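Take a look at the letters that make up each chain.
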Number of protein chains: 2
Amino acid sequence: MNWQKQLSDLGFRVSAPRKRVMAVLESAQQPLTPLELHQTLLRDHKAIGLASVYRTLGLLSALGIVEVVYRSKGEMGYMAAAQGHHHHILCQECQRAVEFSGLEDLSELIDHVENQTHYQVRDHLLQLYGLCPECQSKHADEKE
Amino acid sequence: MNWQKQLSDLGFRVSAPRKRVMAVLESAQQPLTPLELHQTLLRDHKAIGLASVYRTLGLLSALGIVEVVYRSKGEMGYMAAAQGHHHHILCQECQRAVEFSGLEDLSELIDHVENQTHYQVRDHLLQLYGLCPECQSKHADEKE
DNA sequence: AATCTTATTGATAATTAATTTCAATAAACA
DNA sequence: TGTTTATTGAAATTAATTATCAATAAGATT
Ligand SMILES: [Mn+2]
Ligand SMILES: [Mn+2]
Ligand SMILES: [Zn+2]
Ligand SMILES: [Zn+2]
């Protein structure tokens, strides 16, 4: 189900500002902060009110249509949410982020931690950081 | 090596405000925001300037003496850093957090993701969320 | 297609969080 | 005990987020 149908089925309107926010997120290669998203729309002559950027991100992330990704120094960025259980890996050099799938990913670890701590695990936050293929090449070049 | 020696070896001073910040973090059961930490010091008649709270957390986290933990709704809290490679599990009810050790924790997953995405993994962020033993009991009580 | 209803928007104000500035203070050391 | 200077506290500044409210437009109803 696409996000527009999802919105309207829940009684929310598919407004022009919401379309613009989703258009940016769907073509972005990296998580964007609300301010960056707003700047992008300005630059593309698709400006909307800054308050609407915050409102839209708030609504769409509450519905799971967009999701929060923590960037290297702790800033929260937003990305269009991919399908199914997944996590993100971010490039520390160019900030480009891609998803990787993860269903059975942590089950052993979780069992171990539940026994060790006696906490009951209900959710998790997992992100990987490193270098994307392109930035690996650049690093190799510099060392020649 | 304790944090005071670590600081002075690097030429930083072991000041009263820094001692107060560490005293709070070392006795806290949960990650605290800068504002919460400042409030705590106020309540205990150990007040220091708010700017000093920010400055101290900035310095000590840059040195690895304190560390950032993401709380449930995305706020960043600070905790005294434990020794060695570890992660945290947080209670979604009472916010209490404990460490669990993790050295070999993600090696398989990381191999898999490196092959799948061609990213080179250099770091990771992992936190678990759930219910601490005490809050599990309370939940069980309510359902009787 | 015109009209109605009301969710949503944009502009601005208000709030909250974080950083900067700088004279006064107090750690560390001789 | 005196000297040096990193650090502090208070206030000002900047940045980020939220609230307010009249104007607008999305979607439903004729
Ligand atoms: Mn997972
Ligand atoms: Mn680990
Ligand atoms: Zn890259
Ligand atoms: Zn608990």
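Here we summarise the structure given alongside this text.

Near DNA strand D there are 17 residues, and of these Val14 and Tyr54 of chain A together with Ser15, Ser52 and Arg55 of chain B occur at the shortest range. Sugar plus phosphate: this is where 64% of the atoms of DNA strand D within 4 Å of the protein reside. Among the elements of the structure, α4 (50–62) of chain A together with α2 (16–27) and α4 (50–62) of chain B are those that each provide at least two residues to the surface near DNA strand D. By residue number, the principal contributor to the surface near DNA strand D is α4 of chain A, which donates four residues. Each residue belonging to the surface near DNA strand D can be placed in one class, and the counts come to nine nonpolar, three polar and five charged.

This brings us to the relation of the copies chain A and chain B. Mapping chain A onto chain B calls for a rotation angle of 180° and an axial translation of 0.0 Å; the resulting RMSD is 0.0 Å. Here the copies are linked by what is in effect a two-fold axis. Residue Leu126 of chain A of chain A places its C-alpha closer to the rotation axis than any other residue of that unit, at 2.3 Å. By residue overlap, the copies meet face to face through one surface: 100% of the interface positions of chain A are interface positions in chain B.

Turning our eyes to something else, we now look at the pairing of strand β4 (residues 97–101) of chain A. Residue and element names in this part refer to chain A. Direction of pairing for strand β3 (residues 86–91) relative to β4: antiparallel, over a ladder of five bridges. Across the sheet, Ile89 pairs through a bridge with Val98, a residue of β4. Remark: five residues form the turn of the hairpin made by β3 and β4, two consecutive strands paired antiparallel; Gln95 in that turn has positive phi of roughly 70°.

Our focus in this paragraph is the interface of chain A and chain B. Contact with chain A, which involves 37 residues of that partner, is made by 37 residues of chain B. Carbon and sulfur atoms supply 63% of the area buried between chain A and chain B, which totals about 3,300 Å² over both sides. Three residues stand out in chain A for area buried against chain B, namely Tyr119, Arg122 and Leu125 of chain A, and they jointly supply 21% of the buried area on that side. Taken together, the links from chain A to chain B amount to zero salt bridges. Across the chain A-chain B interface, the total number found is 14 residue pairs in polar contact (both at pLDDT 80 or more). Secondary structure elements with two or more residues in the side of chain A that touches chain B: β3, β4, α5 (107–117), β5 (120–131) and α6 (133–142) of chain A. Examining the composition of the side of chain A that touches chain B, we find that twelve residues originate from one element, β5 of chain A, more than from any other. When grouped by side-chain class, the residues that make up the side of chain A that touches chain B number 21 nonpolar, eleven polar and five charged. By the bridge criterion, eleven bridges tie β5 of chain A to strand β5 (residues 120–131) of chain B in an arrangement that is antiparallel. Across the sheet, His124 of chain A pairs through a bridge with Leu128 of chain B, a residue of β5 of chain B.

Quick look at the coordination of the manganese ion (ligand 2) now. Residues and elements named next belong to chain B. The protein atoms that coordinate the manganese ion (ligand 2) are His85 (NE2), His87 (NE2), Asp105 (OD) and His124 (NE2), at distances of 2.0 to 2.3 Å. Summarised as a motif, the one-chain spacing of the donors to the manganese ion (ligand 2) is H-x1-H-x17-D-x18-H. A residue pair is termed long-range when its members are at least 10 positions apart, and Asp105 in the loop between β4 (97–101) and α5 (107–117) and His124 in strand β5 qualify at 19 residues. For His124, a relative accessible area of 19% corresponds to the buried category.

Right, let's talk about the side chain of Asp105 of chain B for a bit. Buried and without a salt bridge, Asp105 of chain B has Arg122 of chain B as its closest oppositely charged side chain, separated by 16 Å. A polar atom in the side chain of Asp105 of chain B sits 3.1 Å from the side chain of His87 of chain B. Not counting chain neighbours up to four residues away, the residues in contact with Asp105 of chain B comprise Leu109 of chain A together with His85, His87, His124 and Leu126 of chain B.

Protein coordination at the manganese ion (ligand 1): the donors are His85 of chain A (NE2), His87 of chain A (NE2), Asp105 of chain A (OD) and His124 of chain A (NE2), at 2.0 to 2.3 Å from the metal. Sequence positions of the donors to the manganese ion (ligand 1) reduce to the motif H-x1-H-x17-D-x18-H.

Each value, and the rule that gives it
Residues numbered from 1 in each chain as written. Chains lettered and ligands numbered in written order. Predicted model: local features only at pLDDT ≥ 70, side-chain atom pairs only at ≥ 80, totals over all residues. Heavy atoms only, no water. Near = heavy atom within 4 Å. Helix = DSSP H or I, 4+ residues; strand = E, 2+ residues; numbered from the N terminus. Nonpolar A, V, L, I, M, F, W, Y, C, P; charged D, E, K, R; others polar. Least-squares fit on C-alpha atoms with pLDDT ≥ 70 in both. Contact = heavy atoms within 4.5 Å. Pairing = 2+ DSSP bridges. Buried area = accessible area lost by both parts, 1.4 Å probe. Salt bridge = Lys/Arg side-chain N within 4 Å of Asp/Glu carboxyl O. Polar contact = N/O pair within 3.5 Å; in protein donor to acceptor, adjacent residues only side chain to side chain. Donors = N, O, S within 2.8 Å, 3.2 Å for Na, K, Ca; no water. Buried < 20%, exposed > 50% of the residue type's maximum accessible area, 1.4 Å probe, protein only. Lys, Arg positive; Asp, Glu negative; His and termini not counted.

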